[in-house]
Amino acid sequence: VPFLSTLILTLLLFFLALFPGAFNCCTKMSGEIPKGILRRVKGFEIQTADGLCHLEAVILYIEGRKFCVSPRIRKLKKWMKKNKHKIPRKKPHGRKHRRTKIIKKKEKKQ
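Residues numbered from 1 in each chain as written. Predicted model: local features only at pLDDT ≥ 70, side-chain atom pairs only at ≥ 80, totals over all residues. Heavy atoms only, no water.

Asks: How should a nonpolar patch on the surface be read in this particular structure?
Replies: A surface patch of nonpolar side chains, amounting to about 550 Å² of accessible area, comprises Phe 3, Leu 4, Leu 7, Ile 8 and Leu 11. By secondary structure assignment, the location of Ile 8 is in helix α1 (residues 2-18). Residue classification places Ile 8 among the exposed residues on the basis of a relative accessible area of 52%. (Patch = residues over 30% accessible without salt bridge, like charges linked within 9 Å, V, L, I, M, F, W, Y side chains within 5 Å. Areas by Shrake-Rupley, 256 points an atom, 1.4 Å probe, with all protein chains shown as cover. Salt bridge = Lys/Arg side-chain N within 4 Å of Asp/Glu carboxyl O. Helix = DSSP H or I, 4+ residues; strand = E, 2+ residues; numbered from the N terminus. Buried < 20%, exposed > 50% of the residue type's maximum accessible area, 1.4 Å probe, protein only.)

As structure tokens, then:
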């Protein structure tokens with residue numbers, strides 16, 4: 001039994017190392033945005049339905065919390081277009097993006 005629990009723990013840690021954003025996905029989202037919430041946004045991230053997360057959403061970061069909202073909200077689309085350079089966009093999670101950065105760094109060194 002101790003061997004089995006050690007094996008399960010090892011596999012879980014291995015999974016978390018490979019897919020760090022796996023448990024950071026939005027599983028449900030709001031179809032509307034309350035008044036005044038967009039003024040308090042410190043950053044945002046676009047979650048796509050491919051890869052680890054199975055739901056398209058925009059994650060708004062406000063005072064240390066995150067809110068998942070539908071990317072189809074017209075007010076949100078207009079706000080994102082207007083503020084794309086003012087509000088920092090957080091980098092998406094996943095190995096694909098890290099690999100891209102590593103390749104770019106190697107190209108610069110040569």
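Text resumes after the structure shown.
Asks: Can you walk me through the pairing of strand β3 (residues 65-69) in this structure?
Replies: Every regular strand shows the same layout, with side chains that alternate between the two sheet faces. Note: strand β2 (residues 57-62) against β3, 5 bridges, orientation antiparallel. Bridged to Leu 60 within β3 is Phe 67. Connecting β2 to the antiparallel partner β3 that follows it, the hairpin turn spans 2 residues, and Glu 63 within it adopts a positive phi of roughly 50 degrees. (Pairing = 2+ DSSP bridges.)

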